[in-house]
Amino acid sequence: MAEKIEFCILDTDYLLETERQALIRIWGRTREGKTVLALDRRFLPFFYILPKPGLDKGELEDMEKRLKDLNIEGKRPLKVEMLDKKIYGKSARVFRVTLENPTDVPKFRDLVKNWKETEEEYEYSISFYRRYMINKGLIPMAWVSVEGREVKTDLQADVCLEIDSIKPIKEEKYPNFRVMAFDLEAVHEDGEERIIMLSMKDNRGFSRVLTYRGRKGRGIKLVKDEKGLLEEFLKAVRERDPDILATYNGDRYDFPRLDERAEKHKVTLTLGRDKKHVVFRRRGRISSAQMNGRVHVDLYDFIENILSDTLSSEILTLDSVSREILGKGKKDMDMKDIEKSWKGNIKHLAEHCMQDSELTLGLSKRLLPQIFELCRVSGQKLFDTARMSYSQLVEWLLIREAFKTDEIIPNMPRFDEIRKRRLSKSYVGGYVYPPEQGIHDKIALFDFASLYPSITITHNVSPETLDCQCCSSKPIGAKVSEKEDILSARKNRVPGEPHYFCLRHKGFIPGILERLVEFRSEIREKLKQTSPKSPRYKDLYNRQYALKILANASYGYYGYPGSRWYSKICAQSITAWGRFYIQKVIAFAKNRKYRVIYGDTDSLFLKVRNEKDARKFLRDVKAKLPKTMHLAFKGLYKSGIFVPTKAGTAAKKRYALIDSEENITIRGFEKVRRDWSDIAKKTQEEVLLHILRDKSPEKALNRVRSTIKRIEKGRVDFDDLVIYTQLTKPLEEYEQIGPHVAAARKARTKGIPVKEGSVIAYIITKGTGSISERAVPLELAKNYDPEYYIHNQVIPAALRVLAGLGYTEDDILKKRPQASLDKFIQKGLKHRLKSGITKLSRKEKN
DNA sequence: GGCCCACGGGG
DNA sequence: GGGTACGTGGGCC
């Protein structure tokens with residue numbers, strides 16, 4: 001029976017059932033809530049070959065014949081065609097070799113890559129499901145109309161179709177995807193990490209905790225043992241049948257644990273919509289847990305890669321991220337608490353476990369719509385998009401655009417090319433106007449909105465428009481100097497660089513960015529006419545956010561060593577223009593007798609009389625800027641301090657600001673990691689608390705001082721001094737003997753077993769020699785070195801926070817008076833911190 | 001100063 | 001059958 005069905009694409013994959021054609025599968029959901037599986041067996045893989053330039057007609061014909069005659073164990077190319085394509089905008093004739101099975105592609109490519117007629121091969125490494133989506137114009141998380149014949153399936157789908165035809169359709173809305181979050185708890189017992197509890201919660205009212213100790217209670221289901229827990233989990237997922245399984249750090253923690261324990265108990269981890277075990281896909285240094293027909297979204301991956309830039313949170317724990325995004329966090333339990341509860345208060349542990357699933361589900365409600373929009377812009381499926389870095393998102397956007405315009409997709413750089421790019425001389429970045437140290441009042445902040453994308457568009461910065469032939473006779477604006485009018489930068493000469501960009505033909509990347517930016521401003525217009533409470537507002541907001549992310553990442557993509565469209569000169573030119581514009585604005589301000597307090601890359605702080613004054617300045621300077629460059633007035637701050645970092649080095653942004661609503665912004669933080677001692681971590685935490693909650697930097701300083709005294713008097717418990725560091729390779733293989741390696745060696749000679757993967761607990765003890773020489777395993781430590789803990793642990797940790805407020809090591813050690821800073825801090829922080837809207841950020845723009 | 005090495009999230 | 005990949009800071013050499 002011929003059927004027609006419309007659905008939203010959730011996932012795509014392919015199966016290699018035979019040596020012959022592969023099977024493409026598309027999973028989705030209809031408006032009516034049916035799950036769909038659509039199958040396509042008719043799509044064929046291919047790749048391109050660019051012949052050496054200068055081959056004559058006869059030689060090309062010979063090459064075509066040789067390609068047609070290729071033979072691997074009886075397998076032949078199904079088709080060899082000559083096509084007109086473009087490579088970096090220039091037309092090029094290429095051969096397209098069509099094959100039967102995706103695994104044939106690399107095999108046939110290997111055969112031809114060393115031919116003397118072969119200049120280069122292209123598009124041989126686009127995975128098959130991506131190839132299909134690109135060529136059919138299908139967009140994940142967008143809609144398709146499929147005509148086909150319904151077939152039987154033993155997979156978990158309401159409808160299964162063999163595709164006769166498939167085409168994209170326009171529809172903005174999403175179907176009601178089913179989302180389930182889960183979280184597990186584990187303890188170490190007898191050298192194993194056992195799963196003791198698992199919680200689940202979905203967006204349709206289901207929640208459950210599984211465990212095998214204590215009493216069954218509301219929402220708690222008791223199972224026999226760990227194996228029973230795993231089986232019950234699989235059953236629940238199958239019954240609730242979510243489209244999306246959401247975790248927080250599931251790729252690195254929950255799934256590897258499930259996998260280990262399932263193997264131990266001989267349970268097959270069937271969490272997808274087929275009968276297959278979860279697979280782990282390598283992605284660089286980590287693996288991702290994937291199943292078929294159901295999408296595992298690890299929110300931590302997305303937050304770490306993308307969202308962390310817009311978060312003010314210093315660390316990315318579930319607690320801190322939830323606090324910021326959802327306005328509610330959780331009571332954290334450490335490993336000892338969990339073990340204690342497991343032996344006693346199971347109910348308490350169950351609440352804690354469920355809380356994690358709740359927060360994860362809460363986050364997914366907010367973040368999945370953003371990720372969906374990124375899927376639509378990048379054209380990549382949910383599983384992939386949720387794990388992509390900025391560069392990868394940009395890359396896939398470009399790849400999909402390239403296909404539309406008959407551009408051949410440039411190859412990924414090979415390993416030695418990447419290394420070469422990494423080692424190549426770094427170029428000059430953003431301009432920093434050194435901050436005027438001290439306290440200032442009435443400071444206006446201005447910044448360029450999307451500076452680098454604007455430059456890319458305004459100046460047509462693209463690899464194929466660089467130093468073009470057509471404009472070579474007369475590059476314009478050849479002498480761009482300080483004295484010239486600001487508008488001369490609109491010409492195509494890169495300021496201070498011996499390059500120019502084409503004025504006649506729009507570049508590939510500027511063209512894409514221009515459409516992105518136009519599309520975004522259309523959406524922002526619509527946003528203005530939409531009630532902020534309506535669901536449509538959120539959709540539009542997420543859409544413009546996705547576009548902004550992609551546009552802003554484009555500059556980084558030019559300079560990213562793994563980039564297919566790498567161009568150091570483009571990246572360099574963009575920062576050159578960036579410096580040019582911000583310097584022009586600064587020069588203009590100085591000319592008008594404004595005091596410039598600080599400037600960095602795309603922003604500057606000016607001392608102004610009042611808001612009106614600031615707005616007037618903006619108006620005047622904007623008249624001097626190209627219309628495509630958008631300088632904006634971001635706000636007037638009552639006061640602020642700016643802390644210059646060491647001259648010469650790349651200046652770090654370190655400042656604290658207070659606006660009229662008494663919100664404080666502090667920038668320039670870094671975080672303390674786990675290979676620090678507890679005493680350092682605790683001190684830092686308390687310093688933060690004293691400043692933010694008690695509004696008292698003085699208390700914070702005193703807190704550090706008393707800790708130092710305790711250390712000096714030898715009153716600190718070893719537990720607070722231990723540093724934990726993992727051995728990531730066998731002890732013998734270390735070239736450099738760091739403290740943990742030295743401590744591990746000492747442990748071994750005393751008969752304490754250590755091996756690759758062991759976490760070494762050590763203390764830095766008194767004596768002479770390097771830190772490593774004085775690093776002793778916790779079990780063997782007899783004393784500790786106060787100097788090390790004061791100067792290498794506590795003070796640096798405290799200064800991460802305090803330096804942002806202008807304090808130095810000398811202040812902690814009472815070596816200098818601090819009148820002026822204290823005045824600011826008393827005045828500034830004291831009551832203004834009340835508002836609680838406090839930003840602590842290590843983030844630096846761009 | 002350059003290079004090696006570990007961390008992050010989770011429990 | 002093409003993920004090969006990060007970015008930053010401490011301490012050794």
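These figures come from a predicted structure and were not determined experimentally. (Residues numbered from 1 in each chain as written. Chains lettered and ligands numbered in written order. Predicted model: local features only at pLDDT ≥ 70, side-chain atom pairs only at ≥ 80, totals over all residues. Heavy atoms only, no water.)

Visitor: Give a detailed account of the overall build of chain A, specifying residues and quantitative values.
Guide: Counting secondary structure elements, chain A contains 23 helices and 28 strands. Looking at chain A residue by residue over its 846 residues, the buried ones come to 54%. A separation threshold of at least 6 residues defines the contact pool for chain A, and within that pool the share at least 24 residues apart is 68%. Of the roughly 40400 Å² that chain A leaves accessible, carbon and sulfur atoms contribute 49%. (Helix = DSSP H or I, 4+ residues; strand = E, 2+ residues; numbered from the N terminus. Buried < 20%, exposed > 50% of the residue type's maximum accessible area, 1.4 Å probe, protein only. Contact = heavy atoms within 4.5 Å. Areas by Shrake-Rupley, 256 points an atom, 1.4 Å probe, with all protein chains shown as cover.)

Visitor: Can you break down the sheet that holds strand 25 (residues 723-726) residue by residue, with the values?
Guide: Read across the open sheet, the three strands follow the order 25-26-27; overall the sheet is antiparallel. The sheet is open, and its two borders are formed by strand 25 and strand 27 (775-777), each paired with just one other strand. Each adjacent strand pair in this sheet contributes to an overall mean axis angle of 45 degrees, direction not counted. Where strand 26 (residues 759-764) lies against strand 27, three bridges are found, and the strand directions are antiparallel. Bridging across to strand 27, Tyr-762 finds its partner in Pro-777. In the packing of helix 20 (residues 739-749) onto the sheet, contacts are made with strand 25, strand 26 and strand 27, and the angle to strand 27 comes to roughly 45 degrees. Most of the contacts of helix 21 (residues 786-802) go to strand 26, to which it runs at about 120 degrees, and overall it touches strand 25 and strand 26. (Pairing = 2+ DSSP bridges. Axes fitted to C-alpha atoms, helices over the stretch in contact; angles between N-to-C directions.)

Visitor: Pulling in residues and values, what's your account of the packing of aromatic side chains?
Guide: A full pass over the atoms with the stated rule returns 23 aromatic pairs. An angle of 35 degrees between the planes, with centres 5.5 Å apart, marks the rings of Phe-43 and Phe-128 as tilted. Taken together, the residues Phe-43 in the loop between strand 3 (35-40) and strand 4 (46-51) and Phe-128 in helix 3 (residues 128-136) connect sequence positions 85 residues apart. Ring-pair connections join several aromatic residues into one group, and the members of that group are Phe-446, Phe-588, Tyr-594, Phe-617 and Phe-633. Just above the ring of Tyr-734 sits the side chain of Lys-729; from NZ or CZ to the centre is 5.1 Å. (Phe/Tyr/Trp six-rings, centres within 6.5 Å; stacked < 30°, edge-to-face > 60°. Lys NZ or Arg CZ within 6 Å of the ring centre and 35° of its normal.)

Visitor: Pulling in residues and values, what's your account of the protein's contact with DNA strand B?
Guide: The local shell around DNA strand B holds 31 residues, among which Leu-318, Arg-674, Thr-728, Lys-729 and Tyr-734 are the closest. Within 4 Å of the protein, the contacting atoms of DNA strand B are drawn from sugar and phosphate to the extent of 67%. Tyr-300 has a polar side-chain atom sitting 3.3 Å from a sugar or linking oxygen of DNA strand B. At the level of elements, strand 10 (179-189), helix 5 (250-264), helix 8 (335-343) and strand 25 are the ones that each hand at least two residues to the surface near DNA strand B. For the surface near DNA strand B, the element with the most residues is strand 10, which contributes five residues. By residue class, the composition of the surface near DNA strand B is ten nonpolar, eight polar and 13 charged. (Near = heavy atom within 4 Å. Polar contact = N/O pair within 3.5 Å; in protein donor to acceptor, adjacent residues only side chain to side chain. Nonpolar A, V, L, I, M, F, W, Y, C, P; charged D, E, K, R; others polar.)

Visitor: Let's hear about helix 7 (residues 318-326): which residues, and what values?
Guide: Those residues of helix 7 that sit buried are Leu-318, Asp-319, Ser-320, Val-321, Ser-322 and Ile-325. Check the buried side of helix 7 and you find it contacts helix 6 (299-305) and helix 9 (346-378). At the C-terminal side of helix 7, Gly-327 shows a positive phi close to 75 degrees.

Visitor: Tell me about the sheet that holds strand 3, and name the residues and values.
Guide: Neighbouring strands of a sheet are bound in pairs by backbone hydrogen bonds; such pairs are parallel or else antiparallel. Spatial strand order, 1-2-3-9-8: five strands in a closed barrel with mixed pairing. Pairs of neighbouring strands in the sheet enclose a mean axial angle of 55 degrees, with direction left out of account. Here four bridges tie strand 3 to strand 9 (residues 159-169), and the two strands are oriented parallel to one another. Paired with Leu-37 across the two strands is Cys-160, which belongs to strand 9. Across the sheet, helix 3 lies against strand 1 (2-15), strand 2 (23-29), strand 3 and strand 9, angled at about 140 degrees from strand 1, the strand it touches most.

Visitor: Break down the layout of surface pockets for me, citing the residues and quoting the values.
Guide: Taken as a whole, the second largest pocket encloses approximately 1400 Å³ of empty space. As for the second largest pocket, its lining consists of 45 residues, of which Arg-130, Arg-282, Arg-283, Asp-384 and Gln-392 are closest to the centre. Elements with a contribution of two residues or more to the lining of the second largest pocket: strand 1, helix 3, strand 15 (279-283), strand 16 (286-290), helix 6, helix 10 (382-385), helix 11 (390-404) and helix 12 (415-423). Its residues placed into classes, the lining of the second largest pocket shows 16 nonpolar, eleven polar and 18 charged. (1 Å grid on protein atoms, 1.4 Å probe; cavity = no way out; pocket = protein on both sides within 12 Å on 5 of 7 lines; lining within 4 Å. Points joined across faces, edges and corners; volume = space filled by probe spheres on them.)

Visitor: Talk me through the environment of Thr-360; I want residue IDs and the actual numbers.
Guide: Structurally, the position occupied by Thr-360 is in helix 9. Between the C-alpha atom of Thr-360 and that of Ala-246, which follows or precedes it by 114 residues, the distance is 6.9 Å. In contact with Thr-360, other than residues within four places in its own chain, are Ala-181, Ala-246, Thr-247, Tyr-248, Leu-299 and Leu-318. Within the structure, the side chain of Thr-360 is placed 2.7 Å from the backbone oxygen of Asp-356, a separation counted as a polar contact.

Visitor: I'd love a proper account of the pairing of strand 12 (residues 207-211), names of residues and values included.
Guide: In this structure, strand 11 (residues 192-202) lies alongside strand 12, joined through five bridges in antiparallel fashion. If you follow Leu-198 over to strand 12, its bridge partner there is Leu-210.

Visitor: I'd love a proper account of the side chain of Asp-183, names of residues and values included.
Guide: Within the secondary structure, Asp-183 sits in strand 10. No salt bridge is formed by the buried Asp-183; its nearest oppositely charged neighbour, Lys-330, is found at 6.6 Å. When near neighbours in sequence (up to four residues on either side) are disregarded, Asp-183 contacts Met-197, Leu-198, Ser-199, Asp-254, Cys-353, Asp-356 and Ser-357. (Lys, Arg positive; Asp, Glu negative; His and termini not counted. Salt bridge = Lys/Arg side-chain N within 4 Å of Asp/Glu carboxyl O.)

Visitor: Which residues make up the nonpolar core, and what values do they have?
Guide: Ranked by internal contacts, the top residues of the largest apolar core, which has 104 residues, are Leu-382 and Phe-446. No other element matches helix 16 (residues 568-591), which puts twelve residues into this core. Not counting chain neighbours up to four residues away, the residues in contact with Phe-446 comprise Asp-602, Ser-603, Leu-604, Leu-606, Ala-614, Phe-617, Leu-618, Leu-631, Ala-632, Phe-633 and Lys-634. (Core = buried A, V, L, I, M, F, W, Y, C linked by side-chain atoms within 4.5 Å.)

Visitor: Lay out the confidence of the model for chain A with the relevant residues and their values.
Guide: Confidence in the prediction for chain A averages 88 pLDDT; 89% of positions are at 70 or higher. When the criterion is pLDDT under 50, residues 478-490 qualifies, and its contacts beyond four places in sequence or with other chains add up to 26 contacts. The low-confidence segment residues 646-651 (pLDDT under 50) makes three contacts with residues lying over four places distant or belonging to another chain. (pLDDT = per-residue confidence, 0-100.)

Visitor: Residues and numbers for the protein's contact with DNA strand C, please.
Guide: What surrounds DNA strand C is a group of 25 residues, the closest being Tyr-14, Pro-106, Gln-392, Met-412 and Arg-422. Of all DNA strand C atoms lying within 4 Å of any protein atom, the proportion belonging to sugar or phosphate reaches 52%. Arg-109 is positioned with one of its side-chain polar atoms (N or O) 3.2 Å from a base oxygen of DNA strand C. With respect to DNA strand C, the backbone of Ile-737 contributes an N or O atom lying 3.2 Å from a phosphate oxygen. Elements supplying a minimum of two residues to the surface near DNA strand C: helix 2 (104-112), helix 3, strand 15 and helix 21.

Visitor: Go over unusual backbone geometry, please, and point to the residues and values.
Guide: Of note, the phi angle at Tyr-88 is positive, near 45 degrees, even though the residue is not glycine. One can find Tyr-88 in the loop between strand 5 (79-87) and strand 6 (90-98). A positive phi is found at Asp-467, a non-glycine position, where the angle reads about 45 degrees. By the secondary structure assignment, Asp-467 is in the loop between helix 13 (451-458) and helix 14 (508-528). Residue classification places Asp-467 among the partly exposed residues on the basis of a relative accessible area of 27%.

Visitor: How would you explain the pattern of salt bridges if you had to name every residue and give the values?
Guide: Summed over the entire model, instances satisfying the criterion amount to 67 salt bridges. The shortest N-O distance in the salt bridge between Lys-264 and Glu-192 comes to 3.1 Å. One end of the pair, Lys-264, is in helix 5; the other, Glu-192, is in strand 11, with 72 residues separating them in the sequence. A salt bridge links Arg-387 to Asp-301, with the shortest nitrogen-to-oxygen separation between them at 3.7 Å. Of this pair, Arg-387 sits in the loop between helix 10 and helix 11 while Asp-301 sits in helix 6, placing them 86 residues apart in sequence. The structure contains a network of salt bridges with shared partners spanning Glu-189, Asp-190, Glu-192, Arg-194, Glu-226, Arg-261 and Lys-264.

Visitor: Before we move on, can you summarise a positive patch on the surface with the specific residues and values?
Guide: Residues Lys-709, Arg-710, Lys-713, Arg-715 and Lys-814 make up a contiguous surface patch of positive charge. In this fold, Lys-814 is placed in the loop between helix 22 (809-812) and helix 23 (819-832). (Patch = residues over 30% accessible without salt bridge, like charges linked within 9 Å, V, L, I, M, F, W, Y side chains within 5 Å. Charge placed at Lys NZ, Arg CZ, Asp CG, Glu CD.)

Visitor: Residues and numbers for the environment of Thr-35, please.
Guide: Its place among the elements puts Thr-35 in strand 3. Taking the C-alpha atoms as reference points, Thr-35 and Ala-157, separated by 122 residues in sequence, lie 5.2 Å from one another. In this structure, Thr-35 is in contact with Gly-28, Arg-29, Gln-156, Ala-157, Asp-158, Val-159, Asp-241, Asp-243 and Arg-273, ignoring residues within four places of it in sequence.

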